[in-house]
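# A structural walkthrough
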Amino acid sequence: MTKHLFNPIRLGIHTLAHRVAMAPLTRSRAGQPGNVPTAMNVEYYRQRASAALIVTEATQISQQGQGYAWTPGIHTEEQVQGWHAVSEAVHAEGGTIFLQLWHVGRVSHPIFQPDGALPVAPSALPVPGKTFIIDENGNGAWGDVPVPQKLNESGIRAIVEDYRRAARNAIVAGMDGVEIHAGNGYLLDQFINSNSNQRTDAYGGSIENRARLLLEVVDAVAAEVGASRVAVRLTPMGRFMGMGDDTPEATFGYIVRQLNVRDLAYLHLVEPAMVGTVKDENFDPRWDAIIHLLRLEYNGVLMLAGGYDRDSAERALASGRADIIAFGRPFIANPDLPVRLRDNLALNTPDAGSFFGGDAVGYIDYPAAA
Ligand code: FNR
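On a predicted model such as this, the values are computed, not experimentally measured, just so you know. (Residues numbered from 1 in each chain as written. Predicted model: local features only at pLDDT ≥ 70, side-chain atom pairs only at ≥ 80, totals over all residues. Heavy atoms only, no water.)

## A look at the pairing of strand 11 (residues 230–234)
- The buried fraction of strand 11 is high, at five of five residues.
- The alternating pattern of strand 11 places Val-230, Val-232 and Leu-234 on one face and Ala-231 and Arg-233 on the opposite face, and all of these are buried.
- Summarising the sheet, strand 10 (residues 177–181) and strand 11 pair through four bridges and their orientation is parallel. Residue pairing for strand 11: Val-178 is matched across the bridge by Val-230.
- Where strand 11 meets strand 12 (residues 266–270), four bridges bridge the pair, whose relative direction is parallel. Paired with Leu-234 across the strands is Leu-269, a residue of strand 12.
- Crossover handedness for the path strand 11 to helix 6 (residues 248–260) to strand 12: right-handed. (Buried < 20%, exposed > 50% of the residue type's maximum accessible area, 1.4 Å probe, protein only. Helix = DSSP H or I, 4+ residues; strand = E, 2+ residues; numbered from the N terminus. Pairing = 2+ DSSP bridges. Right-handed = clockwise from strand over helix to strand, strands pointing away.)

## Here's the deal with the site of the ligand
- In the region of the ligand, 19 residues are neighbours, and Pro-24, Thr-26, Arg-233, Gly-307 and Arg-329 sit closest.
- In this structure, Pro-24 approaches the ligand through a main-chain N or O atom, which is 2.8 Å from an oxygen atom.
- Burial of the ligand by the protein amounts to 96% of the accessible area it has alone, namely 600 Å².
- Of the residues contributing to the shell around the ligand, the split by class is nine nonpolar, eight polar and two charged. (Near = heavy atom within 4 Å. Polar contact = N/O pair within 3.5 Å; in protein donor to acceptor, adjacent residues only side chain to side chain. Areas by Shrake-Rupley, 256 points an atom, 1.4 Å probe, with all protein chains shown as cover. Nonpolar A, V, L, I, M, F, W, Y, C, P; charged D, E, K, R; others polar.)

## Overview of the side chain of Asn-7
- Looking at the secondary structure, you find Asn-7 in the segment before strand 1 (9–11).
- A distance of 2.8 Å separates the side chain of Asn-7 from the backbone nitrogen of His-4, its partner in a polar contact.

## Points about the environment of Val-301
- Along the polypeptide, Val-301 turns up in the loop between helix 7 (285–297) and strand 15 (302–305).
- The spacing of Val-301 and Ala-51 is 250 residues in sequence and 17 Å in space, taken between C-alpha atoms.
- Leave out the neighbours within four places in its chain, and Val-301 touches Ile-9, Arg-10, Leu-11, Ala-265, Tyr-266, Leu-267, Asp-323 and Ile-324. (Contact = heavy atoms within 4.5 Å.)

## So, the packing of helix 3 (residues 153–172) against helix 5 (residues 207–225)
- Between helix 3 and helix 5, the shortest axis-to-axis distance is 9 Å and the interhelical angle comes to 35°. Here helix 3 and helix 5 pass one another in a crossing that is right-handed. Each of Ile-156, Val-160, Tyr-163, Arg-164, Ala-167, Arg-168 and Ile-171 in helix 3 lies in contact with helix 5, whose residues at this interface are Leu-213, Glu-216, Val-217, Ala-220, Val-221, Ala-223, Glu-224 and Val-225. (Axes fitted to C-alpha atoms, helices over the stretch in contact; angles between N-to-C directions. Left-handed = near helix turned anticlockwise from the far one by under 90°.)

Here it is as structure tokens:
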């Protein structure tokens, strides 16, 4: 049967009514102090509960895992309660929601770190660029990213345990599952890509070694909450935050084959033409080919994101390139995106100026279609 956006699909233990998912979207509006989801955050997700699946904004697994101002966590009791209100509201509307687990690694700043420590990374190599911090007056500001400290093996083991605990917390908070964020140049991606990992121990060098931390995290989280509640997001050939790998086809091919045998809820890939939140116009033909290659390798449910609209999403499903499409910016501006796509209604335009930080404006005030 040809696949369409409005065919149901089975995902782990859930049956989704259609295939229009909401991509994970950092909005930097967690309650302060404590980075706790608020009533406003509950309303934002409730409005979007008609998504086949909501993947929440990236959520730090520990204080060490935070890299930007006002992002929510899932490592304190208050945060678990805050997320519980979110999952309850989404479930009351008939929705399904996975929480995205996040550790930024080197993309951080001492102001976020326990005891003002240096951020951690596979190697003492700084990310080119800045991160969004809080200045001395409590305002958001772009700050330089320092040279990170190289993790030792006990530090790595502690992080695997942080992922395990965060996954358990997410289930306690009523989430239907967790998506492990292993893309966009954050900690797990820093281990995977050859240009940010110069280790010579069991976590660096060969592809097997660079993939080791991701697979240990997947195994720990799956042992904790069950593989059918676990997903992974990768950004193969993504260049955001200075990523680059010498042999991306081999590296990501190996990872996907390893994920196959773990029987996860789904695998989520971002089209490599996206660099963070913008489309890179310097087209590299291998970008298209690598997604095709990984699709052929992966036996389970494959979600794709990155610049999709109604027509390109239908084409991707019909050709078998993807099983589900995640929409990011269109979901920011259109809380009722699925019905708009189904009925081919006009879309609201997202306002990039209110993506990160701020109040209800540009957050919970986008109108549903009349
Ligand atoms: C993102 N993206 C993103 N990805 C991720 O894995 N975790 C996250 O927290 C975020 N945060 C985020 C915030 C904002 C404001 C944007 C625009 C994007 C990337 C996002 O999930 C998606 O891959 C891209 O936006 C491309 O999809 P669209 O927007 O072209 O549909």
